[in-house]
Structure formats: C-alpha cells, structure tokens
Amino acid sequence: MYEFLMSNNAGKYLVRNGMNIFFPGSQNYWERRYSKNGNSGSGSYGESATYKAVFLDRFVKENKIGKVIELGCGDGNQLQQFHFSEYIGLDVSPTAIRKCEEIFKEDTSKKFFLYEPALRQVQGDILEDFVSDLALSLDV
C-alpha cells in the first residue's frame, strides 16, 4: 500500500494505491475524527507513547527545560505520561482542546489553545504566553 497527498485547483487529495480520495484538510479531518470519539492515533498509545514519554521526560530533566509547547496536543492521552513543569498544548480541533481541558482541569501547569493560523500575526502580550524552552510536534 502507498499513500501521498497531492493538491490541484479543486482541493487536496489523498492518493491511496492509485485511487484519489478527497482530503478535507487537517482541521476538518481532526475535528471530524475527535467529534466522532476518535483518538489521536496509535502513536499516542501503548509502547510508542511510553517510549516517547521516557525519552522526553529524561531530555527535559537533563536539559533543565521549564516550559514545553506542543503543536498538535491531540486528545491528551500522550500528555498523561509526560512530567513537564509547564505545558501549553495547541491543536486545530476544538473538540480535542475541550477533551484536554476536561482531562487536565485540576492541573494548573497545563494550558490549551485552539491553533488558528491568524494567531501568527498577533503581536504583544498574548505571544508571551507561548514563549517556551522546548517546542514539540509529535506524530503530526
């Protein structure tokens, strides 16, 4: 099986084994997936998640990293295994952000924000909230 993403004037298509499948874009894809009780995928669960947690926890501790930001925080399952002193999670899915806020509602060291491309153009105090020692984008 082979897959790749291509685009033309009509939109984006996922080509799987020679067949074109319309791809609605990342934000639409993830919002649909999470709103139908889907999850972040196999990389956020099981052995893969445990491996990443052990590696990143050690890296953060050895390098005295205080604040971590992650683009694509997903459903929060992977985050449950991390031990970061401060964490900011960004995601394109409002449902994923709500799920993370619910899971970590008692944990004031974690904040979650809906990622919107227009945010890059915002200046001033709001951007200071996103200044971090380490940026992650795992399995995105």
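Structure's up top.
Below, the structure is looked at part by part. (Residues numbered from 1 in each chain as written. Predicted model: local features only at pLDDT ≥ 70, side-chain atom pairs only at ≥ 80, totals over all residues. Heavy atoms only, no water.)

Some words on the layout of surface pockets
Empty space left among the atoms is revealed by rolling a probe the size of a water molecule over them. Quick note on the threshold: Cavities and pockets are defined on a 1 Å grid built over the protein atoms alone: a cavity is a set of grid points where a 1.4 Å probe fits but cannot escape, while a pocket is an open set with protein on both sides within 12 Å along at least five of seven lines, and lining residues are those with an atom within 4 Å of any such point. Grid points are joined across faces, edges and corners, and a volume is the space filled by probe spheres set on the points. A run of H or I in DSSP becomes a helix once it reaches four residues, and a run of E becomes a strand once it reaches two; helices and strands are each numbered from the N terminus. As a working rule, the residues Ala, Val, Leu, Ile, Met, Phe, Trp, Tyr, Cys and Pro are called nonpolar, Asp, Glu, Lys and Arg charged, and the rest polar, with Gly in that last group.
Volume-wise, the largest pocket comes out at about 500 Å³. Taken together, 25 residues make up the lining of the largest pocket; nearest its centre are W30, G72, L138, D139 and V140. Mapped onto the lining of the largest pocket, the elements with two or more residues apiece are α1 (26-35) and β4 (67-71). Take the lining of the largest pocket: its biggest share by element is 4 residues, from α1. Broken down by class, the residue content of the lining of the largest pocket amounts to 8 nonpolar, 11 polar and 6 charged.

Quick notes on the packing of α1 against helix α3 (residues 94-103)
Short version of the rule: Helix axes are fitted to C-alpha atoms over the stretch in contact, other axes to C-alpha atoms as well, and angles between N-to-C directions run from 0 to 180 degrees. Roughly parallel here means an angle under 35 degrees, roughly antiparallel means over 145, roughly perpendicular means 65 to 115, and every remaining angle is called oblique. Contacts are assigned to residue pairs with any non-hydrogen atoms lying within 4.5 Å of each other.
Look at α1 against α3: their axes get within 7 Å of each other, and the N-to-C directions meet at 50°. As summarised for this structure, α1 and α3 are arranged oblique, according to the angle between their axes. Residues E31, Y34 and S35 of α1 lie in contact with α3, whose contacting residues are P94, T95, A96, R98 and K99. Each residue belonging to the contact of α1 with α3 can be placed in one class, and the counts come to 3 nonpolar, 2 polar and 3 charged.

Quick word on the sheet that holds strand β7 (residues 134-136)
Backbone hydrogen bonds hold the strands of a sheet together, and the pairing may be parallel or antiparallel. The test is simple: Pairing between strands requires that DSSP locate at least two bridges from one strand to the other.
Pairing in this open sheet of 4 strands is parallel, and the strands run β6-β5-β4-β7 from one edge to the other. Edge positions in the sheet fall to β6 (110-114) and β7, since each has one partner strand and no second. Strand-to-strand twist of the sheet, defined as the mean angle between neighbouring strand axes without regard to direction, takes the value 20°. Where β4 and strand β5 (residues 86-91) come together, 5 bridges link them in parallel fashion. Residue pairing in the sheet places L71 in a bridge with L90 of β5.

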